[in-house]
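Residues per chain are reported as follows:
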Amino acid sequence: MEKLYDMHCHLDFADNAKDIAAEADGRIVAIDATVVPSSYVSATERLELFPDISVGLGLHPWWVAEGRVGEADVDRFCHLAGDASIISEIGLDFHGKRAQTRTHQLEVLARLLQAIDDAGGDKLIFFHAVKSYDALFDLLERFGTAERNQCVFHWFSGSRDDFGRALAMGMHFSVGMRMMATNAGALFAASIPDDKVLIETDSPAREGMPWSADAWVQETENATRALAELRGVSFAAMLETVATNSKRLLQGRGALATNQQQL
């Protein structure tokens, strides 16, 4: 069977991430979406021996909004962006109390996008957006981010207009069980063009959460099967579509780039 593909997980959240990667070796190709630059550095070191695991550089808007990262972390992201081929989770979140930090989030994201642009683009970038799509789109247009990089919405939760605007920008979408659990999410998941759809688990959900390789494999397979049913295709066909899209986006980046250098 074709390997499973999880294009957005948080493997480094697990205390036993290295053991999980070893047990899942040969079964899953994945991107570990780190949420702060220090985690990117440590996860890259811990997971470097696993050719199917790529590590993305991130600066999650929750951490920005909650003050868990500061100026030094933003500077470190900007420094690391030059060499990082995958940007795993950046964006804006204006839900609830996080809306009070709207201006700060916008300023930070503008700096991150500028650093990506200064690095020459050609990166794979995953965006987090909640109640912030117009502001995010405006920044992407300002920096030409979607034109010079491959961009993905992780767990899309916008409106129909937002969905249309994302499609017009050529963006991809990673879909997991939590997105498909809502009526709107299921509708969007069924409507994503075949060449723009990806699978994600977004797991484990929090730092230090118990997790295992078997749970990871099962969750990834469940998401793939659920998406296949939603789109009215076989599991095998869905797996092939997701594999083709994932391989294309990973080509020359992360683990696949390392593999190519070793051949």
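Rules behind the numbers
Residues numbered from 1 in each chain as written. Predicted model: local features only at pLDDT ≥ 70, side-chain atom pairs only at ≥ 80, totals over all residues. Heavy atoms only, no water. Helix = DSSP H or I, 4+ residues; strand = E, 2+ residues; numbered from the N terminus. Rg over C-alpha atoms; globule rule 2.2 N^0.38 Å. Contact = heavy atoms within 4.5 Å. Areas by Shrake-Rupley, 256 points an atom, 1.4 Å probe, with all protein chains shown as cover. Lys, Arg positive; Asp, Glu negative; His and termini not counted. Charge placed at Lys NZ, Arg CZ, Asp CG, Glu CD. 1 Å grid on protein atoms, 1.4 Å probe; cavity = no way out; pocket = protein on both sides within 12 Å on 5 of 7 lines; lining within 4 Å. Points joined across faces, edges and corners; volume = space filled by probe spheres on them. Expected span 1.5 Å × (residues − 1). Buried < 20%, exposed > 50% of the residue type's maximum accessible area, 1.4 Å probe, protein only. Arc of directions from axis to C-beta. Axes fitted to C-alpha atoms, helices over the stretch in contact; angles between N-to-C directions. Parallel < 35°, antiparallel > 145°, perpendicular 65-115°, else oblique. Nonpolar A, V, L, I, M, F, W, Y, C, P; charged D, E, K, R; others polar. Phe/Tyr/Trp six-rings, centres within 6.5 Å; stacked < 30°, edge-to-face > 60°.

1. Let's talk about the overall build of the protein chain
Working step 1: Per the secondary structure count, the protein chain includes 13 helices and eight strands.
Working step 2: What you see for the protein chain is a C-alpha radius of gyration of 17 Å, in line with the 18 Å of a compact globule of 263 residues.
Working step 3: With the C-alpha coordinates aligned to their principal axes, the bounding extent of the protein chain is approximately 45 × 40 × 35 Å.
Working step 4: Within the protein chain, residue pairs in contact and separated by at least 24 positions form 72% of the contacts whose partners lie at least 6 positions apart.
Working step 5: Working note: accessible area of the protein chain is about 11400 Å², and carbon and sulfur atoms make up 48% of it.
Working step 6: Within the protein chain, one finds 24 positive and 38 negative side-chain charges whose respective centroids are separated by 3 Å.

2. Here's the deal with empty space enclosed by the protein
Working step 1: Counting across every chain of the model gives two cavities of 30 Å³ or more.
Working step 2: Considering only enclosed or pocket space, the largest cavity measures out at about 50 Å³ in volume.
Working step 3: Here the lining of the largest cavity takes four residues from helix α5 (residues 102-118), the largest share from any one element.
Working step 4: The wall of the second largest cavity is formed by Ala-21, Ala-24, Asp-25, Ile-28, Phe-50, Asp-52, Ile-53 and Trp-216.

3. Section: helix α11 (residues 213-231)
Working step 1: In this model α11 runs 27 Å from its N-terminal to its C-terminal C-alpha over 19 residues, within 8% of the 27 Å that 1.5 Å per residue would give.
Working step 2: Every buried residue belonging to α11 is among Ala-213, Trp-216, Val-217, Thr-220, Glu-221, Ala-223, Thr-224, Leu-227, Ala-228 and Arg-231, and all of these are buried. With its buried residues spanning 155° around the axis, α11 presents them on a single face. Opposite the packed face of α11, turned more than 90 degrees from it, sit the exposed residues Asp-214 and Glu-229.

4. A word on the packing of helix α2 (residues 37-46) against helix α4 (residues 71-80)
Working step 1: Close contact between α2 and α4 brings their axes to 9 Å; oriented N to C, the two are set at 50°. By the angle class used here, α2 and α4 are oblique. Residues Pro-37, Ser-38, Tyr-40 and Val-41 of α2 touch α4, and the partners they reach there are Asp-73, Arg-76, Phe-77 and Leu-80.
Working step 2: The class makeup of the residues in the contact of α2 with α4 is five nonpolar, one polar and two charged.

5. What about the packing of aromatic side chains?
Working step 1: Taken as a whole, this structure holds twelve aromatic pairs when the rule is applied.
Working step 2: Between Phe-156 and Phe-188, the ring centres sit 5.1 Å apart and the planes meet at 90°, which makes this aromatic pair edge-to-face. Highlighted residues: Phe-156 in the loop between β6 (150-154) and α8 (160-168) and Phe-188 in helix α10 (residues 183-191), separated in sequence by 32 residues.
Working step 3: You can call Phe-156 buried: its relative accessible area is 2%.
Working step 4: On the accessibility criterion, Phe-188 (7% relative accessible area) is buried.
Working step 5: Ring centres of Phe-163 and Phe-173 lie 5.2 Å apart, and the angle between their planes is 45°; this geometry places the pair in the tilted category. Pair noted here: Phe-163 is in helix α8 and Phe-173 is in strand β7 (residues 172-175), with a separation of ten residues, a long-range link.
Working step 6: Since its relative accessible area comes to 8%, Phe-163 is described here as buried.

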